[in-house]
Structures are given as structure tokens and as C-alpha cells.
Amino acid sequence: MKNSIKVERAIHSLTQEDLAKEIGVSRQTINAMEANKYVPSTVLALKIARLFKKPVEEIFELSEED
């Protein structure tokens, strides 16, 4: 699963730590998601989408392998 979390953070001038605090996870979780090493839960994906005011599908992209 690919995502645009890093791009969205830059657009909103948020650090990994800022985003982590906003959605209630650790900075390491944000880092792992950005590196495509961690797939967030549905609830976490929805929190991120709500924060960035975008549909989940615009932030997370399901690849053929998924």
C-alpha cells in the first residue's frame, strides 16, 4: 500500500511528531507508514484523512500486490 502522508504533512507544515500527536500515535508509527513498512488500521487511516480533509483514497493507494 502506497501513501502520500509525507506530502500531506509538508503541505500542512506538520512534522512527524506533530502528526503523531494529532492522531494519537508515536512518531515511529508515522515514520513506518511513510516508509510503507506499516499499514494503518481503518480507524487510523480515517483519522489521517479527516485531519488532511481528504478522502482516504487520495492518501492511501492499494497496489495490485495488496
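Rules used in this analysis
- Residues numbered from 1 in each chain as written.
- Predicted model: local features only at pLDDT ≥ 70, side-chain atom pairs only at ≥ 80, totals over all residues.
- Heavy atoms only, no water.
- Helix = DSSP H or I, 4+ residues; strand = E, 2+ residues; numbered from the N terminus.
- Buried < 20%, exposed > 50% of the residue type's maximum accessible area, 1.4 Å probe, protein only.
- Core = buried A, V, L, I, M, F, W, Y, C linked by side-chain atoms within 4.5 Å.
- Contact = heavy atoms within 4.5 Å.
- Patch = residues over 30% accessible without salt bridge, like charges linked within 9 Å, V, L, I, M, F, W, Y side chains within 5 Å.
- Areas by Shrake-Rupley, 256 points an atom, 1.4 Å probe, with all protein chains shown as cover.
- Salt bridge = Lys/Arg side-chain N within 4 Å of Asp/Glu carboxyl O.
- 1 Å grid on protein atoms, 1.4 Å probe; cavity = no way out; pocket = protein on both sides within 12 Å on 5 of 7 lines; lining within 4 Å.
- Points joined across faces, edges and corners; volume = space filled by probe spheres on them.
- Nonpolar A, V, L, I, M, F, W, Y, C, P; charged D, E, K, R; others polar.
- Arc of directions from axis to C-beta.

Looking up the protein chain in an unreviewed UniProt entry gives the name Helix-turn-helix transcriptional regulator, with the organism given as Pontibacter cellulosilyticus.

Colleague: For this particular structure, what's the right way to read unusual backbone geometry?
Modeller: Excluding glycine, most residues fall at negative phi; most peptide bonds, likewise, are trans. One non-glycine residue, Ser13, lies in the positive phi region at around 55°. Looking at the secondary structure, you find Ser13 in the loop between α1 (5–11) and α2 (16–23). Even without a glycine there, the phi angle at Lys53 is positive, about 55°. Mapped onto the secondary structure, Lys53 falls in the loop between α4 (42–52) and α5 (56–59). Among the residues examined, Lys53 registers a relative accessible area of 75% and is labelled exposed.

Colleague: What should I look at first to understand the nonpolar core in this one?
Modeller: A general trend in soluble globular proteins is that nonpolar side chains are found buried together. Residues Ile5, Ile48 and Ile59 are the most contacted members of the largest nonpolar core, which totals 13 residues. Elements with a minimum of two residues in this core: α2, α3 (27–34) and α4. Here this core takes 5 residues from α4, the largest share from any one element. For Ile5, the residues in contact, after removing those within four places along its chain, are Leu19, Met33, Glu34, Ile48, Phe52, Ile59 and Phe60.

Colleague: Looking at this structure, how should I read a nonpolar patch on the surface?
Modeller: A contiguous nonpolar patch, built from Met1, Val39 and Leu62 and spanning about 280 Å² of accessible area, is present on the exposed surface. Positionally, Leu62 belongs in the segment after β2 (60–61). We classify Leu62 as exposed; its relative accessible area is 61%.

Colleague: Mind showing me how you'd approach empty space enclosed by the protein here?
Modeller: The tally for this structure, following the rule as stated, stands at 1 cavity of 30 Å³ or more. When grouped by side-chain class, the residues that make up the lining of the largest cavity number 6 nonpolar, 2 polar and no charged.

Colleague: Teacher, can you tell me more about α3 here?
Modeller: For α3, the full list of buried residues reads Ile30, Met33 and Glu34. Projected onto a plane normal to the axis of α3, the buried residues spread over an arc of 95° and lie on a single side. Residues of α3 that are buried in the fold lie against β1 (2–3), α1, α2 and α4. With its phi angle positive at about 60°, Asn36 sits one or two positions after the end of α3.

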